[in-house]
Amino acid sequence: DVKVTQSSRYLVKRTGEKVFLECVQDMDHENMFWYRQDPGLGLRLIYFSYDVKMKEKGDIPEGYSVSREKKERFSLILESASTNQTSMYLCASSFQGAPGNTIYFGEGSWLTVV
Amino acid sequence: AQRVTQPEKLLSVFKGAPVELKCNYSYSGSPELFWYVQYSRQRLQLLLRHISRESIKGFTADLNKGETSFHLKKPFAQEEDSAMYYCALRPLGAGANNLFFGTGTRLTVIP
């Protein structure tokens, strides 16, 4: 069974703090993704990575950065958290290539910035 | 550019009634279409994809290229179908890995 694990389920941070959200997958997937989920806006892609040390900007990368030093781990970094980054963050992973590849999601990390 | 539209944010039906969750897309090429579901307190998970032509939990969805739609249907709704449903599109082609999501429809099945 594919497992995508987000280590922090609930976080409360202060404005201006640096925030790290960690994600680990155990299926040797090449692709990893960070989405944010907001009511009425659906899921929006922040960044994705198709290989170690490779990253691509998604639709809303501003205010975020990512790190992928190992294949199984993909970190989302908020350099200076702001209240408009209060949201649910979803990590996901998948194999590359063939049509029909399933993208598997983690349980999500609720971040509140006060 | 690709876009996925789910016109209904909320949908309520009675148990046993038919249900249809609408999804329209715009994309110049050939897309893959998916439906994802998120039950209360659970992770987002794949429900079905058009390429498999499958029925999952009684749900089906047909890709209509002429109308650029991928509506999700079930003839008899059950209480356990209450959840958030997202339609998603993935462009087909080299390097195309990302999913583009609609804004979601929250389905409530009334007992």
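Worth saying up front: this structure is predicted, and the values here are computed from it rather than measured. (Residues numbered from 1 in each chain as written. Chains lettered and ligands numbered in written order. Predicted model: local features only at pLDDT ≥ 70, side-chain atom pairs only at ≥ 80, totals over all residues. Heavy atoms only, no water.)

(A) View of the sheet that holds strand β7 (residues 60-61) of chain B. All names here are of chain B. Read across the sheet, three strands follow the order β3-β8-β7 without closing on themselves; strand pairing throughout is antiparallel. Each edge of the sheet is formed by a strand with only one pairing partner; in this case those strands are β3 (19-21) and β7. By the bridge criterion, two bridges tie β7 to strand β8 (residues 72-74) in an arrangement that is antiparallel. Bridging across to β8, Thr-60 finds its partner in Lys-73. (Pairing = 2+ DSSP bridges. Helix = DSSP H or I, 4+ residues; strand = E, 2+ residues; numbered from the N terminus.)

(B) A look at the state of the cysteines. Evaluation of the coordinates by the stated rule reveals two disulfides over all chains. The disulfide partner of Cys-23 of chain A is Cys-91 of chain A, and the S-S distance across this bridge is 1.9 Å. An S-S torsion of about -80 degrees defines the bridge between Cys-23 of chain A and Cys-91 of chain A as left-handed. With a gap of 68 residues between them, Cys-23 of chain A in strand β3 (residues 19-25) and Cys-91 of chain A in strand β9 (residues 87-94) connect regions that are remote in the sequence. Classification of Cys-23 of chain A as buried rests on a relative accessible area of 0%. For Cys-91 of chain A, a relative accessible area of 0% gives the class buried. Covalent S-S linkage joins Cys-23 of chain B and Cys-87 of chain B, the inter-sulfur distance amounting to 2.0 Å. (Disulfide = S-S within 2.5 Å. Buried < 20%, exposed > 50% of the residue type's maximum accessible area, 1.4 Å probe, protein only.)

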